[in-house]
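Below, each chain spelled out in residue letters.
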Amino acid sequence: MKILGHRGIRQEDKTKPYQNTLEAINYAFENKADGIEIDVWLSKDKKLMVIHDDEIKIHSRSSKIKITRSTYSEIKNIDLDRSNIKSKIPSLQELLEILPENKILNIEIKQKGIAENVVEEIKNYKNKNNIIVSSFKHEELKTAYQKDKNIKLGILFDSKDADKKNFLDYLIKLDQEINSYCYIPNCYTTNEKILKSDKLKFFWTIKEKEIDDKIVDKLAKLPNSNFITDYPEILISYIKQNLNTI
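Predicted model, so just to flag it, every value in this text is computed and none were measured.

Rules and cut-offs
- Residues numbered from 1 in each chain as written.
- Predicted model: local features only at pLDDT ≥ 70, side-chain atom pairs only at ≥ 80, totals over all residues.
- Heavy atoms only, no water.
- Disulfide = S-S within 2.5 Å.
- Buried < 20%, exposed > 50% of the residue type's maximum accessible area, 1.4 Å probe, protein only.
- Helix = DSSP H or I, 4+ residues; strand = E, 2+ residues; numbered from the N terminus.
- Pairing = 2+ DSSP bridges.
- Right-handed = clockwise from strand over helix to strand, strands pointing away.
- Salt bridge = Lys/Arg side-chain N within 4 Å of Asp/Glu carboxyl O.

A.B. asks: Can you help me understand the state of the cysteines in this one?
C.D. replies: Scanning all chains against the criterion turns up 0 disulfides. For the unlinked cysteine Cys182, the closest cysteine sulfur is that of Cys187, found at 16 Å. According to the relative accessible area criterion, Cys182 is buried, its value standing at 0%. Residue Cys187 is classed as buried on the basis of its relative accessible area of 5%.

A.B. asks: Just to check I follow, could you spell out the pairing of strand S1 (residues 3-6) for this structure?
C.D. replies: Looking along a regular strand, one sees side chains alternate from face to face of the sheet. Every second residue of S1 is oriented toward a common face, with Ile3 and Gly5 on one face and Leu4 and His6 on the other, all of them buried. Where S1 lies against strand S9 (residues 225-229), 3 bridges are found, and the strand directions are parallel. Among the inter-strand pairings, Gly5 is bridged to a residue of S9, identified as Thr229. As defined by bridge partners, S1 adjoins strand S2 (residues 35-42) across 3 bridges and the pair is classed as parallel. The partner of Gly5 across the bridge, within S2, is Ile36. Handedness of the crossover joining S1 and S2 through helix H1 (residues 22-30) is recorded here as right-handed.

A.B. asks: Sorry, what's going on with the pattern of salt bridges here?
C.D. replies: Opposite charge on two side chains makes pairing possible when the charged atoms of those side chains draw close. What the rule picks out here adds up to 18 salt bridges. Between Glu233 and Lys16 there is a salt bridge, and its shortest N-O distance comes to 3.5 Å. Taken together, the residues Glu233 in helix H11 (residues 232-243) and Lys16 in the loop between S1 and H1 connect sequence positions 217 residues apart. Across this residue pair, the class does not change: Glu233 and Lys16 are buried. Lys110 is the partner of Glu108 in a salt bridge, and the nearest nitrogen-oxygen pair spans 3.1 Å. On the basis of relative accessibility, which here comes to 6%, the residue Glu108 falls in the buried class.

Here it is in structure tokens:
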């Protein structure tokens, strides 16, 4: 079982590093996470930036610019001030430079039309085999596959989609088209055929509530089950003490 830190970590505690920063990523690794999940957008001058939203104001009180309309230099001048630990918006290149070779990196594509940029960015990474590219925008996964047939792709979907009548047929067809590496379902997915399939699965996003309500206990019993969590340190400790599956 593998545990990935969601955006490195994503916690409300202002004494902890802020999400999708190098500090958050290092925090996840220091707390024994097997890898991390991060989000990317493309800047005006074609630099992949690690951040969840195009609008920077969601993450910083000091700026209202957008990633897609700003240059790398403009973005790097912004302070992320939602935590007591001041930090900057990193580029994907900066992240790859500090990523340990044995750690998993799940790159979620947030923006339409940037799959080729992502594939190009990671093609020379020394341990590309540990990188998963995922997206809710499944056309991006198709583009990534056409660019590199060996890339590991994760089909990301919500529980509302998974429980629709024809979703499983759609999922199987997409899976065959892109030869996906894993499914990335919401942890509240109830589609039994998906849950019990032998496909590698990374369930998102585990918060303390999902641990306390025993959702983790249920999902951990499924075949090829792994987790993406805001609280890697808490989830890892819980699984070791209660489930003994790590």
